[in-house]
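Per-entry structural report
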Amino acid sequence: TLLYTIKFEFRMDCKATRTVVLGNSACDLDSVASSIAYAHFLNLSGVDAVPILCIPKNDLALRTEVVFVFKLLDITHSSLIFIDFDYFSEQESFQWNVHLVDHNVHNPTTLNLSSYEVVSIIDHHDDEEGPYKEFKKVEMVGSCASLITSLFKDRYDAQNPSFQLTKNLRILLSAAILIDTINLDFDKGRTTNKDVEMFKYLAIDDFSIVQSDFYQELIFAKTDVSMLSVYDLLRRDSKSFDSSLGCVFICSMTGITWDELSSKKQVLEDCSSYILKNKIDVLILMLASHAEEKFRRFLAINPADRISADCTHDLIHKLELVKISTNETFVNWKVYEQLNLKSSRKVVLPLVKSWFTQ
């Protein structure tokens, strides 16, 4: 109901300045939860803010864990605003106040706003020193949702009862924290004390969950990619940057091993189509699978000959990569199993960027 109201008022608003909250372009559960919750926080603070999901509406089906949580909370498509919402193309004269969550530099190619200013930033990735007007909090915790939760907690603890989180927001934020910290497992290298503290805070009062059961449900939803094509897997969760080698894309795929991916129908055709459509010069795939109670990671690079020997050696050393033999179909690829299981894309992306932008 709250999201419906916010969307309706956003369309009907006649003010010259509009305020939006943007998650990152991957639009994973952490970004979605953080943008919705932070928009609610801003509204409670007297700012008319609207959360934007930074994908086209039809792409939401690719975020299977987000779809699962939305169904759990009875959140429908019609209550949400996506980047292809017709309102954005109709209104070009507004000034946009932008609040960023789960990233710290706005990319205009994600949502092209005619005139905008970044007002605040809340993020848990490496600080790219993007400009902002009022407030920035960049802290290397496991989940951005932990930082958003801490804002509510601080206000509520300061005797502001209106900042008590609703049950739905508690579930949404809890789900994001569990996914991003791999069930609050310190051994995986992504969990901090703040993540644990905020997750426990979300479970107080009238809401409690069986953590292990909820996490398993989330993981099952996220990793069930059986109905997705390779092309869908590629566009499901990708990040890109420009480098001396041209345009580099890093695509994360969960719930699938290299053997499973390479045996999928039209794998090379879909990769080629994705590369051509996005004008990609180097494509890096990061695969993760929980099959048979064993967590595994894989790294695949295409074309392999674009990567310098020094860069390859550094990646092999830091990520503990073991080369996998491939058949002649993948002659232009280098494929590795990654034994350093703690290094997710959050770690690998800055490492690759540092090499490719030298």
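I will try to describe carefully the structure that is included in this document. (Residues numbered from 1 in each chain as written. Predicted model: local features only at pLDDT ≥ 70, side-chain atom pairs only at ≥ 80, totals over all residues. Heavy atoms only, no water.)

Further remarks concern the overall build of the chain. Each helix and strand in the chain was counted, giving 13 helices and 11 strands. Taken along the three principal axes of its C-alpha coordinates, the chain extends 60 × 45 × 35 Å. Within the chain, contacts between residues separated by at least 24 positions form 66% of all contacts whose residues are at least 6 apart in sequence. Only carbon and sulfur atoms are counted for the fraction: they give 50% of the accessible area of the chain, which is about 16600 Å². Here the chain carries 37 positive and 49 negative side-chain charges, and the mean point of each set is 1 Å from the other. (Helix = DSSP H or I, 4+ residues; strand = E, 2+ residues; numbered from the N terminus. Contact = heavy atoms within 4.5 Å. Areas by Shrake-Rupley, 256 points an atom, 1.4 Å probe, with all protein chains shown as cover. Lys, Arg positive; Asp, Glu negative; His and termini not counted. Charge placed at Lys NZ, Arg CZ, Asp CG, Glu CD.)

A few words now on the pairing of strand S11 (residues 334-338). As a general feature of sheets, a regular strand has side chains that alternate between the two faces. Buried residues dominate S11, accounting for 4 of its 5 residues. As paired strands, strand S9 (residues 296-302) and S11 are joined by 5 bridges and run antiparallel to one another. Bridging across to S11, Leu299 finds its partner in Tyr336. Direction of pairing for strand S10 (residues 321-323) relative to S11: antiparallel, over a ladder of 3 bridges. When the sheet's bridge partners are listed, Val322 is paired in S11 with Glu337. (Buried < 20%, exposed > 50% of the residue type's maximum accessible area, 1.4 Å probe, protein only. Pairing = 2+ DSSP bridges.)

Attention now goes to helix H3 (residues 64-73). By the burial criterion, the buried members of H3 are Thr64, Glu65, Val66, Val69, Phe70 and Leu73. Buried positions along H3 lie against helix H2 (29-44), helix H6 (167-180), helix H8 (211-223) and helix H9 (230-236). The positive-phi residue at the C-terminal boundary of H3 is Asp74, with phi of around 60°.

So, on to the pattern of salt bridges. Enumeration according to the criterion identifies 14 salt bridges in this entry. Here Lys133 and Glu117 are joined by a salt bridge, their closest N and O atoms 3.9 Å apart. Highlighted residues: Lys133 in the loop between strand S4 (116-123) and strand S5 (135-138) and Glu117 in strand S4, separated in sequence by 16 residues. In this structure Glu117 comes out as partly exposed when scored by relative accessible area, which is 33%. (Salt bridge = Lys/Arg side-chain N within 4 Å of Asp/Glu carboxyl O.)

As a further point, take the sheet that holds strand S7 (residues 246-254). An order of S6-S7-S8-S9-S11-S10 is seen for the 6 strands of this open sheet, with the pairing classed as mixed. Bordering the open sheet on either side are strand S6 (238-243) and S10, each of which pairs with just one other strand. Averaged over all pairs of adjacent strands, the angle between strand axes in this sheet comes to 20°, irrespective of strand direction. Bridge count between strand S8 (residues 282-289) and S9: 7 bridges; the pairing is antiparallel. For Ile284, the partnering residue across the bridge sits in S9 and is Ile301. Contacts from helix H12 (residues 309-319) reach S9, S10 and S11, with the element oriented near 20° to S11. (Axes fitted to C-alpha atoms, helices over the stretch in contact; angles between N-to-C directions.)

Below, the discussion takes up the packing of aromatic side chains. Applying the stated rule across the entire model yields 9 aromatic pairs. Taking the centre distance of 5.9 Å and the plane angle of 85° together, the rings of Phe249 and Tyr274 count as edge-to-face. Linking Phe249 in strand S7 with Tyr274 in helix H11 (residues 267-278), this pair joins segments that are 25 residues apart in sequence. Accessibility expressed as a relative area gives 3% for Tyr274, which makes it buried. Each member of the aromatic cluster is reached from another via a ring pair, and the members are Tyr38, Phe41, Phe152 and Phe163. (Phe/Tyr/Trp six-rings, centres within 6.5 Å; stacked < 30°, edge-to-face > 60°.)

Checked against the element boundaries, Ser79 lands in the loop between H3 and helix H4 (86-90). A residue is classified by how much of its surface remains accessible, and Ser79, at 5% relative accessible area, is buried. A polar side-chain atom of Ser79 sits 2.8 Å from the main-chain carbonyl oxygen of Thr76. (Polar contact = N/O pair within 3.5 Å; in protein donor to acceptor, adjacent residues only side chain to side chain.)

The next thing to look at is the nonpolar core. Core analysis: the biggest nonpolar cluster contains 54 residues, and Leu29, Tyr38, Phe70 and Ile148 have the highest contact counts within it. Mapped by element, the contributors of at least two residues to this core are H2, H3, helix H5 (144-157), H6, helix H7 (193-202) and H8. One finds Leu228, Leu261, Leu283 and Leu285 within the second-largest nonpolar core, a separate group that totals 27 residues. (Core = buried A, V, L, I, M, F, W, Y, C linked by side-chain atoms within 4.5 Å.)

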